[in-house]
Amino acid sequence: MNCLFVGAGAIAPEYAAGLEANTLSVAGVCDLDGERAVALAEECGCPAFTDLETALDVVDAALVVNLTSHAAHAPVTEAALSAGRHVYSQKPLALDAEAAEKLLEIARRRDLALGCAPGTPRAPAQRRAGRLLADGRLGPVRLGYAHAHVGRVTDWHDHPGSFLDVGPLYDGGVYPLALLVSWFGPVSHVRVADALDVWPDRETKRPTAPSHVEATLAFASGPTVRLTASLYAPHRSREFYGLELHGDDGSLYLRGSGAMGTDPDDVRFGRVGRGYTNAPPQSPPTPYAYADALERLAASVAAGTPSRSGGRRGAHVVAVCNAIEAAAETGGPIEVLDCGAMCEPVPEPVVGPPDRGWHPTETPVRPDSGPDVEPRTTLHPRTDPKPGTRSLRLPPIGFGCSRYRDGEYVDRSDSIATALDAGYRLLDSAELYGNEHRIGDLLAAPGAPGRESVFVLGKVWRTNHRREHLLEACAGSRSELGIDAFDCYTLHWPSAFAHRGELSRLAETPVDRREALTFPEADDGSIETAEIPLSRAWQNLEAAYERGWARSLGVCNVSEAQLETVLDAGTVPPALVQIERHPYRPRQGLVSFCHDRGIRVVAHSPLSAPGLLEEPVLAEIGADHGLSPAGVVLAWNVTSGVVPIPSSTTPEHVVANLAAAATRLTAEECARIGSLRRPDFER
Ligand SMILES: NC(=O)c1ccc[n+]([C@@H]2O[C@H](COP(=O)([O-])OP(=O)(O)OC[C@H]3O[C@@H](n4cnc5c(N)ncnc54)[C@H](OP(=O)(O)O)[C@@H]3O)[C@@H](O)[C@H]2O)c1
């Protein structure tokens, strides 16, 4: 679709640059300043104009991109709509709500698309924060604080005049307003507001509108948000465009409501009673581009449904700004026109659609050849390799909840809470770990993710392979965890030990008794095994599935031959295999075997092989990606389509490990890591 750019100032090249990568092209540039128009037009290889009417007559462009200065937005948009063009406007849509409503009316009447900046509610950090909100982590949100510290435009802008005329609301305030409206829907009224004329005496250029505005906004859906928009507070002050929301169950901090970055610490979550934890991306974030909004608008036109939702939100934001000004004069409250603005569903992660609520990850595709060749991965859901087989969609990384650490038992409650707050959505539990009830308490606490957002993996210990014991163990574990069903229930080991009693709450059982129950000794001091073949144990596991106590089944610590036994014995195919996997022991043959059959592989003990994290090659690769050696090992697993489940009791490690899942390594880097393989590696 051809675009006519109107306004060739500082922002225009940013929009034009983005177009190179997509289906839109600049067919003309118009600016009152002829030199500026020509400069951009030459870059775009199109004609330049100084007169809008002529440009609209001459240029065959269905979409006008209005990048003029604040006060010119409404008249330029009106002229373009009246000439039958779809319009995307820089913010604000207009300077008064009446003008904004008129634009919407023209667009509606002529069935034209009308979009309006900012498009940043779709930027990566905002989407991440929005998903946290949509997950219900905060509970009902009642309070918020939003800042828009545009700063001293006379310091940082070459042409500050337009900013000084409109004040901080219409330029900066629109960022948090647009985001909040996209999350909560329209503001119903401005409760109170105040406007100040503060400015350094030494400055000769001064704002003509109030330089600092404070307002308390009531959203129709419930939250009350205090907004501060300022040209006086420097843009390098502690808060820039920070947004903090408080709900009954937790708080959310977003560093920049109008930011476009992908920093891991842009979004933080603190469940009630706990401090903030960084919630980093766990899949490669899609960078924000100005042109994306144009692309979406053009797509709506191509689909025959020209979108005006951005225009409606833009018009409502203008109405809020007008109402704040009125409230600052009268004291408030002032009702706000909703202009048809609505909250918008939070876009899902780009890696694929959600499956029952947890975030998906790449699913592996068939590798090219045999053992020790890294499988390729795809960013799209895979076609099932076998009819009737569907791979589980798992988060890219999970969290190991074992209490066992270097021969000692450690309490994991705090680190599991940190993991949930950071955004881990797969918990690896086991009756052997003895802490299922603690995990259950955390999952039931205010601020925990909803049950459907967390993949709970469980394991029955090897003393419980007999059918009645297995069912009893599964029922006990479900009860301790407070869940109706495991997302995946697995055999902890393929072979069985003798049963000496039930294993509930091992963490609270004296060590001697615990050892006797879990590693039963025969009279000669050796472990007493039980004659329950793997095929039988699997069929017993299937009984839990048949009762609806597990949504899928799996097995840990198997060889390929044992997996064949399971595949032959069962009627429910294994969906997941958990094995020790790290660069010393990549188990590529088994991984490929599983991936070929649509079986997901989970890597336990990914970091704890002695000496692994000191390997120089991991540090070298990490340096290129800003990752620690541990991060490289985790990214290597994720790149291979394997889900690592590191454990950590160090909060910084918990967060950094999650963030590492957003990095993909190159084939060459994976090959270098492959050279660490030690065929004779044993713990
Ligand atoms: N199915 C099975 O038979 C089986 C067997 C073993 C384990 N597992 C599962 O796998 C999970 C993980 O295995 P694991 O417990 O053996 O541990 P691991 O994840 O391989 O390693 C944990 C160790 O690595 C350290 N660590 C973690 N992140 C780090 C980082 N970013 N930088 C440096 N060091 C880091 C931890 O120290 P800090 O605490 O200081 O971070 C800890 O010492 C278990 O919790 C369990 O859920 C399953």
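Source: prediction; values computed, not measured. The numbers attached to residues start from 1 for each chain and follow its sequence in the written order. Note on the predicted model: pLDDT of at least 70 is required for a residue's local features to be given, and 80 or more for side-chain atom pairs to be given and counted; whole-chain, interface and lining totals, by contrast, use all residues.

1. Some details on the environment of Ala299
Inference 1: Residue position: Ala299 is located in helix 10 (residues 291–302).
Inference 2: Exposure classes come from backbone-placed C-beta atoms, where a residue is buried if 20 or more other C-beta atoms lie within 10 Å of its own, exposed if 12 or fewer do, and partly exposed in between. Assessed through the 15 C-beta atoms surrounding it within 10 Å, Ala299 is described here as partly exposed.
Inference 3: The spatial distance from the C-alpha of Ala299 to the C-alpha of Glu652 is 42 Å, given a sequence separation of 353 residues. Every helix listed is a DSSP run of H or I at least four residues long, and every strand listed is a run of E at least two residues long, numbered separately from the N terminus.

2. Some thoughts on the site of the ligand
Inference 1: The immediate surroundings of the ligand are formed by 25 residues, with Gly400, Ser402, Ser608, Ser647 and Ser648 found nearest.
Inference 2: Under the scheme applied here, ten amino acids are nonpolar (Ala, Val, Leu, Ile, Met, Phe, Trp, Tyr, Cys and Pro), four are charged (Asp, Glu, Lys and Arg), and all others, including Gly, are polar. Class assignment of the residues belonging to the shell around the ligand gives a composition of nine nonpolar, 15 polar and one charged. Each residue receives a C-beta atom placed from its backbone. It is near a molecule or strand if this atom lies within 6 Å of it.

3. A closer look at the sheet that holds strand 24 (residues 600–604)
Inference 1: Strands sit in the order 16-19-20-21-22-23-24-25 across an open sheet of eight strands; the sheet is parallel. Strands at the two margins of the open sheet, each flanked by one partner only, are strand 16 (399–400) and strand 25 (643–644).
Inference 2: Residues are treated as contacting if the C-beta atoms built from their backbones sit within 7 Å of each other. With axes taken as lines fitted to C-alpha atoms, and helix axes fitted only over the stretch in contact, angles between N-to-C directions fall between 0 and 180 degrees. Helix-sheet contacts for helix 14 (residues 467–481) involve strand 20 (455–460) and strand 21 (488–491), and the interaxial angle to strand 20 is about 145 degrees. In this description, strands pair whenever DSSP reports at least two bridges between them.

4. Re the nonpolar core
Inference 1: Think of a nonpolar core as buried Ala, Val, Leu, Ile, Met, Phe, Trp, Tyr and Cys residues, each tied to the set through C-beta atoms within 7 Å. Core analysis: the largest hydrophobic core is formed by 205 residues, its most contacted members being Phe5, Val29, Leu294 and Ile324.
Inference 2: Of all the elements, helix 9 (residues 168–184) adds the most residues to this core, at eleven residues.
Inference 3: Once residues lying within four places of it in the same chain are set aside, the contact partners of Val29 are Phe5, Ala8, Ala37, Leu40, Ala41, Cys44, Cys46 and Ala48.

5. Here's the deal with the domain arrangement of the chain
Inference 1: Annotation comment: domain bounds sourced from an automatic or database domain assignment. Taken domain by domain, the chain holds domain 1 (2–116 + 291–302) and domain 2 (399–674).
Inference 2: For domain 1 versus domain 2, the separation of C-alpha centres amounts to 55 Å.

6. Describing the sheet that holds strand 5 (residues 86–89)
Inference 1: Within the open sheet, the six strands sit side by side as 3-2-1-4-5-6. Their pairing is parallel. Each of the sheet's edge strands pairs with one partner strand only, and the pair in question is strand 3 (48–49) and strand 6 (114–116).
Inference 2: Across five bridges, the pairing between strand 1 (residues 2–6) and strand 2 (residues 25–30) is parallel. Residue Phe5 lies in a different strand from strand 2, and its bridge partner there is Val29.

7. What about the pairing of strand 24?
Inference 1: Counting buried positions over the five residues of strand 24 gives five, a clear majority of the element.
Inference 2: Burial along strand 24 is two-sided: the residues Arg600, Val602 and His604 and Val601 and Ala603 are all buried.
Inference 3: As judged from the five bridges shared by strand 23 (residues 576–580) and strand 24, these two strands associate in the parallel manner. Bridged to Glu580 within strand 24 is His604.

8. Things to note about the confidence of the model for the chain
Inference 1: Chain-level pLDDT for the chain is 91 on average; 93% of the residues reach the 70-or-more range.
Inference 2: pLDDT measures the predictor's confidence residue by residue and takes values from 0 up to 100. Here residues 349–388 is a poorly scored stretch, pLDDT under 50, and it has 89 contacts once near neighbours within four places are set aside; other chains count.

9. So, the packing of helix 9 against helix 11 (residues 309–330)
Inference 1: For the pair helix 9 and helix 11, interaxial distance at closest approach is 9 Å and the crossing angle is 120 degrees. Between helix 9 and helix 11, the interaxial angle falls into the category oblique. Once helix 9 is placed against helix 11, the crossing between them reads as right-handed. Where helix 9 abuts helix 11, its residues Leu169, Tyr170, Gly173, Val174, Leu177, Ala178, Val181 and Ser182 lie against Arg313, His316, Val317, Val320, Cys321 and Ile324. Just so you know how the angles are binned, under 35 degrees is roughly parallel, over 145 roughly antiparallel, 65 to 115 roughly perpendicular, and the rest oblique. Crossings are classed by handedness, with left-handed meaning an anticlockwise turn of the near helix from the far one by less than a right angle and right-handed meaning a clockwise turn.

10. Concerning helix 10
Inference 1: Taking 1.5 Å per residue, twelve residues should reach 16 Å; helix 10 reaches 16 Å between its end C-alpha atoms and fits that length.
Inference 2: Every buried residue of helix 10 is accounted for by Ala291, Ala293, Leu294, Leu297 and Ala298. End-on view of helix 10: buried residues confined to an arc of 155 degrees, all on one side of the axis.
Inference 3: Where helix 10 is buried, its residues touch strand 1, helix 1 (12–19), strand 4 (63–66), strand 5 and strand 6.
Inference 4: At the C-terminal side of helix 10, Gly304 shows a positive phi close to 80 degrees. Take the residue count of a helix, subtract one, and multiply by 1.5 Å to get its expected span. In this context, the arc is that of the directions from the helix axis out to the C-beta atoms.

11. Side note on the environment of Ala448
Inference 1: Within the secondary structure layout, Ala448 lies in the loop between helix 13 (436–444) and strand 20.
Inference 2: Each C-alpha atom, one on Ala448 and one on Ala417, is 8.5 Å from the other, the two residues being 31 residues apart in sequence.

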